[in-house]
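Observations on the three-dimensional arrangement
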Amino acid sequence: MAMRAGRSLSSGDLRGAEDAEKETLLDHDSEPDEDMLFNRTSSADGQLHIDGKISSVKIQIREVTDVMRDNVHKVMERGERMEDLQMASERLSSAGDEFREAARKAQRRAWMQNVRGRLIIIAITITAILCIVVLDVLALYLVLR
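Keep in mind that this is a model prediction, so the values were computed, not measured. (Residues numbered from 1 in each chain as written. Predicted model: local features only at pLDDT ≥ 70, side-chain atom pairs only at ≥ 80, totals over all residues. Heavy atoms only, no water.)

**Remarks on the overall build of the protein**
Broken down by element type, the protein carries four helices and two strands. Along the protein, from the amino end to the carboxyl end, the secondary structure elements read β-β-α-α-α-α. Expressed as a percentage of the 145 residues in the protein, the buried residues total 9%. Across the protein, every contact between residues at least 6 apart in sequence was considered, and the portion connecting residues at least 24 apart equals 59%. Element-wise, carbon and sulfur atoms account for 61% of the exposed surface of the protein, whose accessible area totals about 12,500 Å². (Helix = DSSP H or I, 4+ residues; strand = E, 2+ residues; numbered from the N terminus. Buried < 20%, exposed > 50% of the residue type's maximum accessible area, 1.4 Å probe, protein only. Contact = heavy atoms within 4.5 Å. Areas by Shrake-Rupley, 256 points an atom, 1.4 Å probe, with all protein chains shown as cover.)

This is the structure we're talking about:
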């Protein structure tokens, strides 16, 4: 057992402690100069200090690993969302192409109906003019006869 800052800690205590407890047990907030002046380490205390550093590094490794797992999970979710967006974009693009083609067909049909309407009006006008001319010629023929 070693004494550090008024507490009695063993390596078993450090191994058995939870991560939050380890941070409070190890008290790494002091400056290195203060540690050298006020806490002269013995050989057992040096081992405790090394164990503390190893535990601290392990805690940091776990935190970094958790952060990386979260990041990988977020990237995977983002990739899935990107695939969903890409599929939706492709569907919208094909729907837009279909709409554009339908609009062209409707425009052609409307143009053809317009042309037919004008041709019918022209045909009726020509027929009316011909009827008037033929009736006038026939009336003149009958009058002159």
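**A look at the confidence of the model for the protein**
Chain-level statistics for the protein give a pLDDT mean of 79 and a share of 67% at 70 or above. Here strand β1 (residues 2–4) stands out as the element of the protein with the lowest mean pLDDT, 41, in contrast to helix α4 (residues 43–144), whose mean of 91 is the highest. The model gives residues 1–7 a pLDDT under 50, and that stretch makes 20 contacts with residues more than four places away or in other chains. In this model, residues 33–43 is a region of pLDDT below 50 whose contacts with residues beyond four sequence positions or in other chains number six contacts. (pLDDT = per-residue confidence, 0-100.)

**Brief notes about a nonpolar patch on the surface**
On the surface, a cluster of nonpolar side chains totalling about 390 Å² of accessible area is made up of Leu119, Ile122, Ile126 and Leu130. Within the secondary structure, Ile122 sits in helix α4. Assessed through its relative accessible area of 46%, Ile122 is described here as partly exposed. (Patch = residues over 30% accessible without salt bridge, like charges linked within 9 Å, V, L, I, M, F, W, Y side chains within 5 Å. Salt bridge = Lys/Arg side-chain N within 4 Å of Asp/Glu carboxyl O.)

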